[in-house]
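Residue-level listing of the chains:
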Amino acid sequence: MDKVVALCKRRGFVFPASEIYGGIANTYDYGHYGVLLKQNVIGQWWKSMIQERDDIVALDSAIIQHPRTWEASGHLAGFTDPLVDCRTCKLRFRADHLDQAACGRRPSKLAGQTPECDLTDPRDFNLMFETSIGAVKGEGSAVFLRPETAQGIFLDFKTVLSFARRKPPFGIAQVGKSFRNEITPGNFIFRTLEFEQMEMEFFVPPDQAGHWYEHWLAERMSWYERLGLRRDHLRLRAHDPDELSHYSSATSDVEYLFPIGWSELEGIADRGNFDLTQHAEHSGQKLEYVDGPSGERYLPHVIEPAAGVGRSMLAFLCDAYDEDELGGDQRTVLRLHPVLAPVKVAVLPLVNKDGQPELAREIYEELRRHVPAEFDSGGSIGKRYRRQDEIGTPWGVTVDHQTLEDGTVTLRDRDSLEQARVPRGELRDEIARRLAAPWRSPKLT
Ligand code: GAP
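Colleague: I'd like to hear about the site of the ligand, residue by residue, with values.
Modeller: The local shell around the ligand holds 21 residues, among which E148, R180, E182, E199 and E264 are the closest. The side chain of R180 places a nitrogen or oxygen atom 2.8 Å from an oxygen atom of the ligand. When isolated, the ligand has an accessible area of 550 Å², and the protein chains bury 91% of it. Elements supplying a minimum of two residues to the shell around the ligand: β10 (194-204), β13 (261-272) and β16 (301-308).

Colleague: I'd like a rundown of helix α6 (residues 157-164), residues and numbers included.
Modeller: Within α6, burial applies to F157, V160, L161 and A164. What you see down the axis of α6 is that its buried residues fit within an arc of 105 degrees, all on one side. Among the exposed residues of α6, those oriented more than 90 degrees off its buried face are S162 and F163. Where α6 ends, the next residue or the one after it, R165, has phi of about 50 degrees, a positive value.

Colleague: How would you sum up the sheet that holds strand β4 (residues 80-85)? Please name residues and give values.
Modeller: Across the sheet, 3 strands lie side by side as β5-β4-β6; this open sheet has antiparallel pairing. The open sheet is flanked by β5 (92-94) and β6 (123-126), the only strands paired with a single partner. Here the average twist between neighbouring strands, direction ignored, is 50 degrees. Where β4 lies against β5, 3 bridges are found, and the strand directions are antiparallel. Among the inter-strand pairings, D85 is bridged to a residue of β5, identified as R92.

Colleague: Help me get a handle on empty space enclosed by the protein, residues and values and all.
Modeller: Under the criterion given, the structure shown has 1 cavity of 30 Å³ or more. One number sums up the size of the largest cavity: a volume of about 70 Å³. Lining the largest cavity, in full, are L227, G228, L229, F316, D319, A320, R335, L336, H337, L340, W439 and S441. Residue composition of the lining of the largest cavity, by class: 7 nonpolar, 3 polar and 2 charged.

Colleague: Could you give an account of helix α13 (residues 427-436), with specific residues and numbers?
Modeller: L427, E430, I431, R434 and L435 are the residues of α13 that are buried. Down the axis of α13, the smallest arc covering the buried residues is 135 degrees, so these residues share one side. In α13, those exposed residues whose orientation departs by more than 90 degrees from the buried face are D429, R433 and A436. Looking at the buried positions of α13, the neighbouring elements they touch are β19 (345-349), α10 (356-367), β21 (395-399), β22 (408-413) and β23 (419-423).

Colleague: How would you sum up the environment of L127? Please name residues and give values.
Modeller: Inspection of the secondary structure puts L127 in the loop between β6 and β7 (130-132). By relative accessible area, which is 4% here, L127 ends up buried. Spatially, the C-alpha atom of L127 lies 7.1 Å from that of D81, the residues being 46 residues apart in sequence. Setting aside residues up to four positions removed in sequence, L127 forms contacts with F79, D81, F179, R180 and N181.

Colleague: How would you sum up a nonpolar patch on the surface? Please name residues and give values.
Modeller: On the surface, I63, I64 and I133 cluster together to form a nonpolar patch covering roughly 230 Å² of accessible area. Position of I63 relative to the elements: it lies in the loop between β3 (56-58) and α3 (68-73).

Colleague: Help me get a handle on the pattern of salt bridges, residues and values and all.
Modeller: In the structure shown here, the tally under the stated rule is 41 salt bridges. Residue E304 is joined to R271 by a salt bridge in which the shortest nitrogen-to-oxygen separation is 2.8 Å. Here E304 is found in strand β16, whereas its partner R271 is found in strand β13, with 33 residues between them in sequence. Accessibility classification places E304 together with R271 in one group, the buried group. Measuring nitrogen to oxygen at the nearest pair gives 2.9 Å for the salt bridge that ties D415 to R414. Assessed through its relative accessible area of 1%, R414 is described here as buried.

Thresholds, definitions, all that
Residues numbered from 1 in each chain as written. Predicted model: local features only at pLDDT ≥ 70, side-chain atom pairs only at ≥ 80, totals over all residues. Heavy atoms only, no water. Near = heavy atom within 4 Å. Polar contact = N/O pair within 3.5 Å; in protein donor to acceptor, adjacent residues only side chain to side chain. Areas by Shrake-Rupley, 256 points an atom, 1.4 Å probe, with all protein chains shown as cover. Helix = DSSP H or I, 4+ residues; strand = E, 2+ residues; numbered from the N terminus. Buried < 20%, exposed > 50% of the residue type's maximum accessible area, 1.4 Å probe, protein only. Arc of directions from axis to C-beta. Pairing = 2+ DSSP bridges. Axes fitted to C-alpha atoms, helices over the stretch in contact; angles between N-to-C directions. 1 Å grid on protein atoms, 1.4 Å probe; cavity = no way out; pocket = protein on both sides within 12 Å on 5 of 7 lines; lining within 4 Å. Points joined across faces, edges and corners; volume = space filled by probe spheres on them. Nonpolar A, V, L, I, M, F, W, Y, C, P; charged D, E, K, R; others polar. Contact = heavy atoms within 4.5 Å. Patch = residues over 30% accessible without salt bridge, like charges linked within 9 Å, V, L, I, M, F, W, Y side chains within 5 Å. Salt bridge = Lys/Arg side-chain N within 4 Å of Asp/Glu carboxyl O.

These values are about where atoms sit, not about what they do.
Below, the structure is given as structure tokens:
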């Protein structure tokens, strides 16, 4: 994890937020390559939900919803972590994570480990961030930053149904920020105070819930595999009954073998009709589905695959991180699936003279109209390749003496290191062909 964190900082993927003030707990900013990688993860999720099927529609609901939303959803009463305070070091810890919580004082290492640690009894602490609407503090109504994007989908269920021309089974998908006041030990972007979720609520006739639950378990596992995560680093784990959220009758987590151990990547839950029932009761609105021809009425059940953008990105980064030796030097390389890589192709002049930089720049300007590309002429060719390997660029185009003679360039592959000679005019098609080809992590072989 330390190596991935260091690479993220060195190459500006992700770094601590508010750093000039010493940082702020569990909060990170995404730099240039981090933004591009994150957008590619989100893009692939939308592609699998919207472009590759026709039974899901998109939504972007508000972060601040009517405060009664959270009464109805159960978050106001039940979305809590058990916390203990230490009267000695004045720090606050999650009672169920004491085995990972560093104490604020020496010689104690973990909270509660020595007699000096004076811990209170656990108290329930609500994870929602509260704020208020209104110009004068205290006079407006209290509202909450959403702790999950899902509730906006339930509130809009009836409205979406009226224009989406869909009937159950159908889904509503949304990507957006959620907020949780997490008291937790570090672990980089694994658990942060604000994070993006990719959630889809799939509304089904009640007797089809079991079928669709199995469908989404298989589909979501396959998504991570198709994007290159190693199969032996992925598993599905069903929740024990005492782990289930208040709304769920069955949940399985897609877990990934992070450097911190097997941990949740995504939750897939059978939420039954809990949310629609609650919102119907609290709002007084009818939220059932009425089938036109038969007149049948029912509250759909909901199957929900809920993933985190940052957490998925961390899994892709950990899985892709590799070190090997090249020409006697150590190379750090991100073996990202090409569709996820922030930059697809780097165009580099072999030397910085003889018209090569000008020609390379011309080729770069052609290519960037079709794929994310970078031009780099600074430093030795070896150094420039290392830079691209570190950000996971799958292909490098080198312009050399021969390019000036016969119009061909070399096309280097990040993983196999093979160099093919390709006519300049065929580059665009060749890169498109490679991007569309099935990909498998070279770390598997
Ligand atoms: N609507 C259901 C729901 O929110 P969840 O398991 O609490 O379920 C879904 O969250 C996913 O969101 C998690 O699997 C994780 O990937 C991500 N996630 C949750 N809390 C997070 C946090 N504090 N920081 C980063 N990602 C988080």
